[in-house]
Amino acid sequence: MNWWKDLRGKIRFNEPLKNKTTFRIGGSAKFFIEPKDIDDLKHLLSSVKRYKIPTFVIGAGSNVLVSDKGIQGIVFRLNAPYFKKILKYGSHIYAGSGSLLNQFILKAAEFGLSGVEFLAGIPGTVGGALCMNAGVGKKNIGDLVEKVTVMDYNGNIKVLGRDDIRFEYRKSSLGKFIILSADFKLAKKDKKEIKNNITNYLKYRRDTQDSSLSNAGCVFKNPPGNSAGRLIDLCGLKGRGSGSAYVSLRHANFILNRKNALAGDVLRLMSLIKKRVKRKFKVNLEPEIKIWR
Ligand code: EPU
């Protein structure tokens, strides 16, 4: 079953996913594929469907915890230049889903277009950020979207307008598709002012969050009207460890990988955190990170 024979992009077998995630944790993907363009992806999906192979899409790997056993299927990454274009038209920006968020923000600033500065410092791709409606405070990427072009797993391309997409807190209805690109409507602004905004957002992240060791950002979603970090902190769990993973001393909703932590270490720590927060505050914490097994 040589279903990948017509691929024009790249394929790697038993590819370690550790170095494809910001957590630096997890086993290998049986197939790791970077299609060259939309046609390549479409062609591949028809074969994948025939053989019923489980399929995942990875962006910058900043919000996933990959199981230690790895993925017995395909992991796609839209990392070819085709998927990383960022273009301006009027006060709109088109961005390929594989573009890094930070590139997107810098380009917008160069174009004199404002609105996405709050995403500065989030280590994701445009596609990943859209899929989980990344945000800061009450601002979310979904609010700026005009349309999103996606492919379903049958290889059909659809253009979804703003009203065809459900964006919720750290969640969207785009998860069932492969996101190809998005168009955003931004506002014209003085470039210096935009750069100042970016600097302020970066400073806030630096001052409050923890990037000293590999991590996946906030592990749990904030419960309504509260902060998961604050609740975990009030349970006295900062510094609490499991194997080589431990709760950051700086921000309690961050779990750090001291060195060679296992997904199992993180999962045990998450389960302890959930239990303690539930016992003390009667609050059910829900994971923000996606757990791939
Ligand atoms: N706090 C504590 N102890 C801690 C952490 C936070 O008491 O260990 C308190 C802070 O002092 C503050 C409150 O909790 O009063 C909120 O903390 P923070 O401003 O750090 O924001 P957050 O609610 O923990 C959210 C997002 C972050 C985003 C920041 C930007 C979620 C789960 N988290 O964090 O997103 O960067 O706001 O303000 O929505 C992510 O999604 O991965 C992420 C890091």
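Just above sits the structure.
The model shown is predicted, which means the values in this text are computed figures rather than measured ones.

Undergrad: Is there a simple way to think about the site of the ligand in this case?
TA: Taken together, 21 residues sit near the ligand, with Y169, Y204, Q209, N222 and A252 positioned nearest. Here A252 contributes a backbone N or O atom positioned 2.8 Å from an oxygen atom of the ligand. Bound to the protein, the ligand loses 75% of the 820 Å² it would expose on its own. When residues in the shell around the ligand are grouped by element, the largest group, three residues, is from helix α5 (residues 228-234). Considered class by class, the residues forming the shell around the ligand number seven nonpolar, seven polar and seven charged.

Undergrad: Quick question: what am I supposed to make of the sheet that holds strand β1 (residues 10-16) here?
TA: Sheet strands pair by backbone hydrogen bonding; their relative direction is either parallel or antiparallel. In spatial order, the strands read β1-β2-β5-β3; together these four strands make up an open sheet with mixed pairing. Each of the sheet's edge strands pairs with one partner strand only, and the pair in question is β1 and β3 (55-58). Each strand axis lies, on average, 30 degrees off the axis of its neighbour in the sheet, ignoring direction.

Undergrad: Help me understand the pattern of salt bridges in this model?
TA: Where charged atoms of side chains with opposite charge meet at close range, the side chains can pair. Applying the stated rule across the entire model yields 13 salt bridges. For K238, the salt bridge goes to D233, with nearest N and O atoms at 3.1 Å. When salt bridges with common partners are traced through the structure, they connect R12, E15 and K20 into a single cluster.

Undergrad: What am I meant to see in the environment of R170 here?
TA: Position of R170 among the secondary structure elements: in the loop between β13 (167-168) and β14 (171-172). What makes R170 buried here is its relative accessible area of 13%. In the structure, R170 is positioned 72 residues away from S242 in sequence and 26 Å away in space, judged by C-alpha atoms. Each residue touching R170, except ones within four places of it in the same chain, is listed here: M132, N133, A134, G135, V136, N140, K221 and E288. Only 3.5 Å separates the side chain of R170 from the side chain of E288, close enough to count as a polar contact.

Undergrad: Where do I start with the nonpolar core in this structure?
TA: Soluble, globular proteins show a tendency: their nonpolar side chains are buried together. Core analysis: the largest hydrophobic core is formed by 34 residues, its most contacted members being F104, L119, L130, V148, L174 and F184. If you list the elements that add at least two residues to this core, you get β7 (92-96), α2 (101-111), α3 (126-131), β11 (145-151), β15 (178-185) and α4 (191-208). When residues in this core are grouped by element, the largest group, five residues, is from α2. When sequence neighbours within four positions are dropped, the list of residues in contact with L174 reads L130, V148, V150, L160, I165, F167 and I179. Judged by nonpolar contacts, the second largest core, of 26 residues, contains A216, V247, A261 and M270.

Here is what the cut-offs are and how they apply
- Residue indices follow the written sequence of each chain, beginning from 1 at its first position.
- With the structure being a predicted model, the display of local features is reserved for residues of pLDDT at least 70 and the display and counting of side-chain atom pairs for 80 or more, all residues being used for whole-chain, interface and lining totals.
- For the side-chain quantities, the full set of heavy atoms in the structure was used; hydrogens and water were omitted.
- Think of it this way: one heavy atom of a residue within 4 Å of a molecule or strand is enough to make that residue near it.
- Pairs of N or O atoms are called polar contacts if they sit within 3.5 Å, as long as, within protein, a hydrogen donor faces a hydrogen acceptor (for residues adjacent in sequence, only side-chain-to-side-chain pairs).
- Calculation of accessible area relied on Shrake-Rupley with a 1.4 Å probe; when residues are assessed, cover is drawn exclusively from the protein chains displayed.
- Where helices and strands are cited, they refer to DSSP runs of H or I of at least four residues and of E of at least two residues respectively, numbered from the N terminus.
- Residue classes follow a fixed rule: Ala, Val, Leu, Ile, Met, Phe, Trp, Tyr, Cys and Pro count as nonpolar, while Asp, Glu, Lys and Arg count as charged, and any other residue, Gly among them, counts as polar.
- The rule for pairing is simple: two strands pair if DSSP sees at least two bridges between them.
- Under this scheme, a helix contributes an axis fitted over its contacting stretch, all axes are lines through C-alpha atoms, and angles between N-to-C directions fall in the 0 to 180 degree range.
- The term salt bridge refers to a side-chain nitrogen of Lys or Arg lying within 4 Å of a carboxyl oxygen of Asp or Glu.
- Summary of the burial criterion: residues with accessible area below 20% of their type's maximum are buried, those above 50% are exposed, and those between are partly exposed, where the area comes from a 1.4 Å probe applied to protein chains only.
- Residue contacts follow a heavy-atom distance rule, with two residues in contact if any of their heavy atoms lie within 4.5 Å.
- Put simply, a nonpolar core is a bunch of buried Ala, Val, Leu, Ile, Met, Phe, Trp, Tyr and Cys residues held in one set by side-chain atoms that sit within 4.5 Å of each other.

It is worth stressing that arrangement in space is one thing and function is another; only the former is reported here.
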